[in-house]
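# Observations on chain architecture
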Amino acid sequence: MIVILKNGATDEQIDHVIRRVEAMGLQSHLSRGTYRTIIGLIGDESLVNKESLSTLPGVAQVIPVLPPYKLASREAHPESSVIDVSGVKIGGGNLGMIAGPCSVEDRDRMMRIAESVCQSGANVFRGGAYKPRTSPYAFQGLGEEGLKILREVGDRFGMPVVTEVTDPRNVELVSQYADMLQVGARNMQNFVLLTEVGKSRRPVLLKRGMSATIADLLMSAEYILSEGNSNVVLCERGVKGFDPATRNLFDVAAVPVVQGLTHLPIIVDPSHATGRPDLIPPCALAGLAAGADGVHIEVHDCPEEAKSDGPQALLPEQYKQISHQMRLMADLLGKTVSPLAKDAGGPTPPQPPTEALA
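Rules behind the numbers
Residues numbered from 1 in each chain as written. Predicted model: local features only at pLDDT ≥ 70, side-chain atom pairs only at ≥ 80, totals over all residues. Heavy atoms only, no water. Helix = DSSP H or I, 4+ residues; strand = E, 2+ residues; numbered from the N terminus. Buried < 20%, exposed > 50% of the residue type's maximum accessible area, 1.4 Å probe, protein only. Contact = heavy atoms within 4.5 Å. Areas by Shrake-Rupley, 256 points an atom, 1.4 Å probe, with all protein chains shown as cover. Lys, Arg positive; Asp, Glu negative; His and termini not counted. Charge placed at Lys NZ, Arg CZ, Asp CG, Glu CD. pLDDT = per-residue confidence, 0-100. Axes fitted to C-alpha atoms, helices over the stretch in contact; angles between N-to-C directions. Parallel < 35°, antiparallel > 145°, perpendicular 65-115°, else oblique. Left-handed = near helix turned anticlockwise from the far one by under 90°. Nonpolar A, V, L, I, M, F, W, Y, C, P; charged D, E, K, R; others polar. Pairing = 2+ DSSP bridges. Right-handed = clockwise from strand over helix to strand, strands pointing away. 1 Å grid on protein atoms, 1.4 Å probe; cavity = no way out; pocket = protein on both sides within 12 Å on 5 of 7 lines; lining within 4 Å. Points joined across faces, edges and corners; volume = space filled by probe spheres on them. Core = buried A, V, L, I, M, F, W, Y, C linked by side-chain atoms within 4.5 Å. Expected span 1.5 Å × (residues − 1). Phe/Tyr/Trp six-rings, centres within 6.5 Å; stacked < 30°, edge-to-face > 60°. Lys NZ or Arg CZ within 6 Å of the ring centre and 35° of its normal.

### As for the overall build of the chain
Regarding its fold elements, the chain presents 13 helices and 15 strands. Once the C-alpha set of the chain is aligned to its principal axes, its extents read approximately 80 × 45 × 45 Å. Within the chain, buried positions represent 52% of all 358 residues. Summarising the internal contacts of the chain: among those between residues at least 6 apart in sequence, 70% fall at separations of at least 24. About 15,700 Å² of surface is accessible on the chain, with carbon and sulfur atoms providing 53% of the total. Charged side chains of the chain number 34 positive and 41 negative; the gap between the two group centres comes to 2 Å.

### A few points about the confidence of the model for the chain
For the chain, the mean per-residue pLDDT works out to 90, and 95% of the residues sit at or above 70. Counting interchain partners and residues more than four positions distant, the pLDDT-below-50 stretch residues 344–358 has 27 contacts.

### Quick word on the packing of helix α3 (residues 107–120) against helix α11 (residues 316–333)
The N-to-C vectors of α3 and α11 enclose an angle of 25°; their axes lie 9 Å apart at closest approach. Classified by the angle between their axes, α3 and α11 sit roughly parallel to one another. Every pair of crossing elements has a handedness; the one defined by α3 and α11 is right-handed. Residue-level inspection shows Ser116, Val117 and Ser120 of α3 in contact with α11, the latter providing Pro316, Tyr319, Lys320, Ser323 and Arg327. Tallied by class, residues from the contact of α3 with α11 come to 3 nonpolar, 3 polar and 2 charged.

### Here we look at the environment of Gly91
Turning to its location among the elements, Gly91 is positioned in the loop between β6 (88–90) and β7 (94–100). With 172 residues separating them along the chain, Gly91 and His263 place their C-alpha atoms 9.1 Å apart. In contact with Gly91, not counting residues within four places along its chain, are Ser81, Val82, Pro265 and Asp293.

### Section: the pairing of strand β10 (residues 180–183)
Residues of β10 alternate between two faces, with Met180 and Gln182 on one and Leu181 and Val183 on the opposite face, all of them buried. Sheet topology places strand β9 (residues 161–164) next to β10; 3 bridges connect them, and they run parallel. By the bridge assignment for β10, Glu164 is matched with Gln182. Read as a crossover between parallel neighbours, the route from β9 over helix α5 (residues 171–177) to β10 is right-handed. In this sheet, strand β11 (residues 204–207) lies alongside β10 in parallel orientation, the contact comprising 3 bridges. Of the residues in β11, the one forming a bridge with Val183 is Leu206. In terms of handedness, the path from β10 via helix α6 (residues 191–200) over to β11 forms a crossover that is right-handed.

### Brief notes about unusual backbone geometry
With a phi close to 50°, Ser86 is a non-glycine residue in the positive phi region. Tracing the backbone shows Ser86 in the loop between β5 (83–85) and β6. Accessibility expressed as a relative area gives 13% for Ser86, which makes it buried. Positive phi outside glycine occurs at Arg201, with the angle close to 70°. Turning to its location among the elements, Arg201 is positioned in the loop between α6 and β11.

### Description of the side chain of Ser271
Note that Ser271 resides in helix α9 (residues 270–274). Ignoring anything within four residues of it in the chain, the contact list for Ser271 reads Ile280, His296, Ile297, Glu298 and Gln312.

### Here's the deal with the layout of surface pockets
Estimates place the volume of the largest pocket at around 290 Å³. Every residue lining the largest pocket is counted, 21 residues in all, and those nearest its centre are Pro132, Arg186, Arg247, His272 and Asp309.

### What about the nonpolar core?
Core analysis: the largest hydrophobic core is formed by 82 residues, its most contacted members being Leu206, Leu234, Ile297 and Tyr319. Leaving out residues up to four positions away in the same chain, Leu206 has contacts with Val183, Met188, Leu194, Leu217, Ser220, Ala221, Ile224, Val232, Val233, Leu234 and Cys235. Membership of the second largest hydrophobic core comes to 16 residues, among which are Leu5, Ile14, Ile18 and Leu56.

### Here's the deal with helix α4 (residues 144–157)
In this model α4 runs 20 Å from its N-terminal to its C-terminal C-alpha over 14 residues, within 8% of the 20 Å that 1.5 Å per residue would give. For α4, the full list of buried residues reads Gly146, Leu147, Ile149, Leu150, Arg151, Val153, Gly154 and Phe157. Remark: Gly158 follows α4 within two positions and exhibits a positive phi of approximately 65°.

### Digging into the packing of aromatic side chains
Scanning all chains against the criterion turns up 1 aromatic pair. Lying over the aromatic face of Phe139, Lys307 brings its terminal NZ or CZ to 5.8 Å of the ring centre.

### Description of the sheet that holds strand β1 (residues 2–5)
Across the sheet, 4 strands lie side by side as β2-β3-β1-β4; this open sheet has antiparallel pairing. The open sheet terminates on both sides in strands that have one partner only, identified here as β2 (27–32) and β4 (59–63). Within the sheet, the average angular offset between the axes of one strand and its neighbour, ignoring direction, is 20°. As judged from the 6 bridges shared by β2 and strand β3 (residues 37–42), these two strands associate in the antiparallel manner. Counted as the bridge partner of Arg32 is Thr37 from β3. Sheet strands in contact with helix α1 (residues 11–23) are β1, β2, β3 and β4, and its direction is about 155° off that of β2.

See the structure below:
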């Protein structure tokens, strides 16, 4: 952080600012230029009362040099992080291919969909057991019964599973079944929830809020990182736009912007971004071309019967086609679709307690 002094600031004012900085527990570095005098602050900037310094006589501006998301920033961690989801790696040239229905439904259907996407090359299976819905009368998910089905499906096909957690009180329960916890767009700034998933140590898929800036997204990731959980994957899933032609505005430019600011991987979700099956394939490829570390796509074998978001889901055969195209794109970009742990010899997915499966 630096303090820029006003033109004509007196030596007495400068000395007063330095004394205040040192009283806060930091060291100061005075730099006198031709037109401006600057005081650099050295030490733990969390001790700085920016507002207090800004009001001192002779002070023009107090400017943070590093972004407020210190742990998420490239400055703090220059190398790109690689997140391990029970053997499936995301980031650093490894692509996560997340696929599955919006919500967990009956066991047989989940088995069919999982078998299909697994054969097509997906390496993480998704499905919501808890669903935050706009209407209180809409399907809210199967709860723990859905978690049990999801875990059974993941174990059957050797795929890590990711599911959304919507309530801080359910973090421990969901962590017993899921390999990765999803924080959805509606909860991106639920700071109590972010703190709890940070404590869980499970990998976290953090989706950008519908009206959130990139800085907002990174500050939400900072909450998780600050609790000691460094296993965060960001997700661009579209922001609210003015044009109703698509469900949201797919901000593909956010991918390279985020990668320039943070070491955390970022994937894209063209299903929620567009809400249209015909737009999902080209937007998935566009996301990969922009540098995304993976793609999240909703798949259902009978969209008209889906409990939620059926109209934006691809059919299994459609997913097979786009999965093949994404693998070709990955080869072109010099990236690799991370193999499943059963193929790579990695760790097996976590097992919930025996009584939880009863």
